[in-house]
Amino acid sequence: MKLECNINGQTQIYGIFGYPVKHSKSPTFQTYSFQTLGINAVYIPFEIKPEDLEKAVQSIKILGIKGINVTVPHKEQIIKYVDELSPEVKYIKATNTIHNLEGYLKAYNTDVVGFIRGLKEIEPNFSNKRFLVIGAGGASRAVLYGLVKEGVQKIIIANRTTSKIQNIIKDFSTLHRYIDQIITAITLEDIDKQLKNADIIINTTSIGLKEEDPELFNYKLIEPRHTVIDIIYRKTKLLKTAEEKGCKWQDGLPMLMYQGIESFKIWTGKEPPIDKIKNILTHG
Ligand code: ATR
């Protein structure tokens, strides 16, 4: 039997840092992208304990790893170990992509482009829409950065801890002069009565990851005119309700796919075939 092995002395190394990382879909579709475009590279999952993160970042330089995706729980902490932050990372305070330019590490956040490209698939003209974003963590900041950059004027943010929304308004004040007029901060309890003031509802919290998770608000109040996005990769209770009501809806797979494609573009300057990657992410 002939063994297929294309790895040789020229093979470039890419990978993902996470803890855990076994569930990650990135090694499969990034490897596929390299192979389809005939790029001599491998993409490896690296399970890095939080206490080893600094040494792991040093190893990117030492081992000559060309590019790294970063996932939970390292997206925020890893920032202090790289050499340069692109503008969006300074606002979001989280990175998911590191590019090694001959020993100089530059951090990006491609969740922004990932989210916006996914959103455009179901809402091509969204800048005049009114948004309700639930959550105020790192993923929410990436979504909000994208929306503000795209010119969205009305965003309600709901979060369990409202002080985190105030921090976002403060941090984004140099991104947009009137940010305090664009963003309205509310509690999760206030969502029900604010739904009438929103066209597009986005969940960026981890609520919905587990089947038994509670509702973030009264899902019976969702109307067919609402567009509903959950950045979790599966059809959550929120999305099932949206589907039953006849809403436009989207799960987290488009954002996952497009953030990966954007990272790949930063590393290689090339865009992999989207239809094939969609197929891998949907059917495994
Ligand atoms: P990520 O990087 O995925 O955004 P994160 O920064 O830890 O992760 O943010 C998690 C988000 O989910 C936050 O908005 C968090 O609310 P708090 O800011 O109040 O912590 C939200 N979240 C997590 N567990 C939650 C729960 N049980 N109920 C409500 N919101 C929750």
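Residues numbered from 1 in each chain as written. Predicted model: local features only at pLDDT ≥ 70, side-chain atom pairs only at ≥ 80, totals over all residues. Heavy atoms only, no water.

K.L.:
Run through the overall build of the chain, naming residues and quoting values.
P.N.:
Tallying secondary structure elements over the chain gives 11 helices and 12 strands in all. Against the compact-globule benchmark of 19 Å for 284 residues, the chain has a radius of gyration of 19 Å, which places it among compact chains. In the chain, buried positions account for 50% of the 284 residues. Sequence separation of 24 or more characterises 67% of the internal contacts of the chain that already satisfy a separation of 6 or more. Summing over all exposed atoms, the chain offers an accessible surface of approximately 14,100 Å²; the carbon and sulfur share of this is 51%. Computed over 38 positive and 32 negative side-chain charges, the inter-centroid distance for the chain is 2 Å. (Helix = DSSP H or I, 4+ residues; strand = E, 2+ residues; numbered from the N terminus. Rg over C-alpha atoms; globule rule 2.2 N^0.38 Å. Buried < 20%, exposed > 50% of the residue type's maximum accessible area, 1.4 Å probe, protein only. Contact = heavy atoms within 4.5 Å. Areas by Shrake-Rupley, 256 points an atom, 1.4 Å probe, with all protein chains shown as cover. Lys, Arg positive; Asp, Glu negative; His and termini not counted. Charge placed at Lys NZ, Arg CZ, Asp CG, Glu CD.)

K.L.:
Break down the pairing of strand β11 (residues 227-230) for me, with residues and values.
P.N.:
Residues in a regular strand point their side chains to alternate faces of the sheet. Burial along β11 is two-sided: the residues Thr227 and Ile229 and Val228 and Asp230 are all buried. Relative to β11, strand β10 (residues 200-203) runs parallel, the two sharing 4 bridges. Along β11, the bridge assignment pairs isoleucine 201 with valine 228. In this view, the connection linking β11 to its parallel neighbour strand β12 (residues 248-250) by way of helix α9 (residues 237-245) has right-handed handedness. (Pairing = 2+ DSSP bridges. Right-handed = clockwise from strand over helix to strand, strands pointing away.)

K.L.:
Lay out the site of the ligand in plain terms, naming residues and giving numbers.
P.N.:
Looking at the ligand, there are 13 residues lining it, with Ala139, Asn159, Arg160, Thr161 and Lys164 nearest. In the environment of the ligand, an oxygen atom lies 2.9 Å from a nitrogen or oxygen atom belonging to the backbone of alanine 139. Coverage of the ligand by the protein chains reaches 68% of its 640 Å² of free accessible surface. A breakdown of the residues in the shell around the ligand according to their chemical character gives 4 nonpolar, 7 polar and 2 charged. (Near = heavy atom within 4 Å. Polar contact = N/O pair within 3.5 Å; in protein donor to acceptor, adjacent residues only side chain to side chain. Nonpolar A, V, L, I, M, F, W, Y, C, P; charged D, E, K, R; others polar.)

K.L.:
Please set out unusual backbone geometry residue by residue, giving values where relevant.
P.N.:
With an omega dihedral of 5 degrees, the bond running from tyrosine 19 to proline 20 counts as a cis peptide bond. Summarising the element assignment, proline 20 is placed in the loop between β1 (12-18) and α1 (26-36). Valine 72 connects to proline 73 through a cis peptide bond whose omega is 5 degrees. Here glutamate 102, not a glycine, exhibits a phi torsion of approximately 50 degrees, which is positive.

K.L.:
So what's going on with the nonpolar core? Residues and values would help.
P.N.:
The biggest cluster of nonpolar side chains holds 34 residues, and the ones touching the most others in it are Phe115, Phe131, Leu147, Ile155, Ile183 and Ile202. Looking at this core, the elements that each hand over two or more residues are α3 (87-92), α4 (111-122), β7 (130-134), α5 (138-149), β8 (154-158), α6 (162-171), α7 (179-182) and β10. If one sorts the elements of this core by residue count, α5 sits on top with 6 residues. The contacts of leucine 147, once residues within four sequence positions are left out, are Phe115, Ile116, Leu119, Phe126, Phe131, Val133, Val152, Ile155 and Ile202. In this structure, Ile156, Ile201, Leu216 and Cys247 belong to the second largest nonpolar core, which totals 19 residues. (Core = buried A, V, L, I, M, F, W, Y, C linked by side-chain atoms within 4.5 Å.)

K.L.:
How would you sum up the domain arrangement of the chain? Please name residues and give values.
P.N.:
Domain annotation of the chain identifies domain 1 (12-109 + 255-283) and domain 2 (112-251). The distance between the C-alpha centroids of domain 1 and domain 2 comes to 25 Å. Interface area, domain 1 with domain 2, both sides summed: about 1,600 Å², of which 62% is carbon and sulfur. When the buried surface of domain 1 facing domain 2 is broken down by residue, Tyr91, Met255 and Tyr258 rank first, second and third, together holding 49% of it. One salt bridge in this structure joins lysine 278 and glutamate 121, with 3.3 Å as the shortest N-O distance. At the boundary of domain 1 and domain 2, one finds 7 residue pairs in polar contact (both at pLDDT 80 or more). (Domains from an automatic or database assignment. Buried area = accessible area lost by both parts, 1.4 Å probe. Salt bridge = Lys/Arg side-chain N within 4 Å of Asp/Glu carboxyl O.)

K.L.:
So what about the packing of aromatic side chains? Which residues, and what values?
P.N.:
Two aromatic rings are characterised by how far apart their centres lie and by the angle between their planes. Counting across every chain of the model gives 10 aromatic pairs. Measuring from centroid to centroid gives 5.7 Å for phenylalanine 17 and phenylalanine 46, while their planes differ by 90 degrees, and the two rings are edge-to-face. Highlighted residues: phenylalanine 17 in strand β1 and phenylalanine 46 in strand β2 (residues 41-47), separated in sequence by 29 residues. Judged by its relative accessible area of 1%, phenylalanine 17 falls in the buried class. Overall, the relative accessible area of 22% leaves phenylalanine 46 in the partly exposed class. Relative to tryptophan 267, the ring of tyrosine 43 lies with its centre 6.3 Å away and its plane at 45 degrees, an arrangement referred to as tilted. Taken together, the positions of tyrosine 43 in strand β2 and tryptophan 267 in helix α10 (residues 253-268) put the pair 224 residues apart, joining distant regions of the chain. Of the two residues examined, tyrosine 43 and tryptophan 267, each falls in the buried class. (Phe/Tyr/Trp six-rings, centres within 6.5 Å; stacked < 30°, edge-to-face > 60°.)

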